[in-house]
Amino acid sequence: MLGRYRRMFLAPNTALVSAAVSMLLIPVTYFFGARSGEMDWAVRYELFLRLVLTATLFYSLKKHKLFLMQAATVGLIFCMLCGQAQYALGNLGSRDSETYITMGLQGFIFLAGEMMILFIQSFVCVNHFVIHAARRQEAIRVSVNQVSILFILAFLAVQLIIAPMLRFDSMYILYIWTMHLDEFFIFVLVACAELILMIDQREVERG
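Fair warning: this is a prediction, and the values are worked out from it, not measured in the lab.

Enquirer: In this structure, what is going on with the overall build of the chain? I would like to understand it.
Expert: Counting its secondary structure elements, the chain contains eight helices and zero strands. Along the chain, helices and strands appear, N-terminal first, in the series α-α-α-α-α-α-α-α. Relative to the compact-globule value of 17 Å for 207 residues, the chain shows a C-alpha radius of gyration of 17 Å, a close match. Judged by the C-alpha coordinates and their principal axes, the chain covers about 60 × 30 × 30 Å. Taken across its 207 residues, the chain has 46% of its residues classed as buried.

Enquirer: What's the story with the nonpolar core in this structure? I'm lost.
Expert: In this structure, Phe 9, Leu 57, Leu 61, Met 69, Leu 76, Phe 187 and Val 190 are the most contacted members of the largest nonpolar core, which totals 38 residues. Elements with a contribution of two residues or more to this core: helix H1 (2-10), helix H2 (12-36), helix H3 (41-63), helix H4 (66-92), helix H6 (105-133), helix H7 (139-162) and helix H8 (170-206). Broken down by element, this core gets its largest block of residues, twelve residues, from H8. With 20 residues, the next largest nonpolar core counts Phe 32, Leu 47, Phe 110 and Met 179 among its residues.

Enquirer: Even after reading the chapter, I still don't get H2, so can you show me in this structure?
Expert: Along an α-helix, a turn takes 3.6 residues, which lines up residues three or four apart on a common side. In this model H2 runs 36 Å from its N-terminal to its C-terminal C-alpha over 25 residues, within 8% of the 36 Å that 1.5 Å per residue would give. Of all the bends found along H2, the most pronounced is centred on Ile 26 and spans about 25°, while Pro 27, a proline, follows it within four residues. Listing the buried residues of H2 in full gives Thr 14, Ala 15, Ser 18, Ala 19, Ser 22, Leu 25, Ile 26, Thr 29, Phe 32, Gly 33 and Ser 36.

Enquirer: Would you mind going over H3 with me for this structure?
Expert: The terminal C-alpha atoms of H3 lie 33 Å apart, and with 23 residues this matches the ideal 33 Å at 1.5 Å per residue to within 8%. Taken together, the buried positions of H3 are occupied by Val 43, Glu 46, Leu 47, Arg 50, Leu 53, Thr 54, Leu 57, Phe 58, Ser 60 and Leu 61. At the N-terminal end of H3, a side-chain oxygen is found 3.3 Å from the backbone nitrogen of Ala 42, two or three residues along, and the residue is Asp 40. Trailing H3 by a residue or two, His 64 shows a phi angle of about 55°, which is positive.

Conventions and cut-offs
Residues numbered from 1 in each chain as written. Predicted model: local features only at pLDDT ≥ 70, side-chain atom pairs only at ≥ 80, totals over all residues. Heavy atoms only, no water. Helix = DSSP H or I, 4+ residues; strand = E, 2+ residues; numbered from the N terminus. Rg over C-alpha atoms; globule rule 2.2 N^0.38 Å. Buried < 20%, exposed > 50% of the residue type's maximum accessible area, 1.4 Å probe, protein only. Core = buried A, V, L, I, M, F, W, Y, C linked by side-chain atoms within 4.5 Å. Expected span 1.5 Å × (residues − 1). Bend = angle between axes of the 7 residues up to and from the residue. Polar contact = N/O pair within 3.5 Å; in protein donor to acceptor, adjacent residues only side chain to side chain.

Right under this line is the structure:
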């Protein structure tokens, strides 16, 4: 299982495809967000940062610039956390509870999924800072962070399935669907970077 994980996230095409799809989806997300009326300046700025940091992280992976990779990974994780907090607590949290009651089970699952993604992203962000602030990486802490990213990917996949079932405006559905698909590929890219950083740190410790 561990061997498959490493082969998947260390494969050059994994990072290439993830970065390319993510950067292509950002203007699509912006378009649907603007059409749905949900695109304020804070979201525009977050999408811009997401685009810049994704491109920077892919460049650092391709050139194997470890310090830039670490900085871009931290920035991208924090950017994603801020965007998720604004969406889950601001956009969805400000809606009347009757909105989710009328949508039935899928509405509650979607809302709970967004909160779980926010919680796990918060954990990953804090844990990432702790890992790279310490002089030596703890294998258990690094492994927990990688498993947490896999949980984020799983929850995002669930949200992609549920989103079309929600009783929102069609443009808003397309907005949140493309947004979550973009997040899925971004966290695949983050998983690639974290694995490379972990391997590099272990080689330094052994040397």
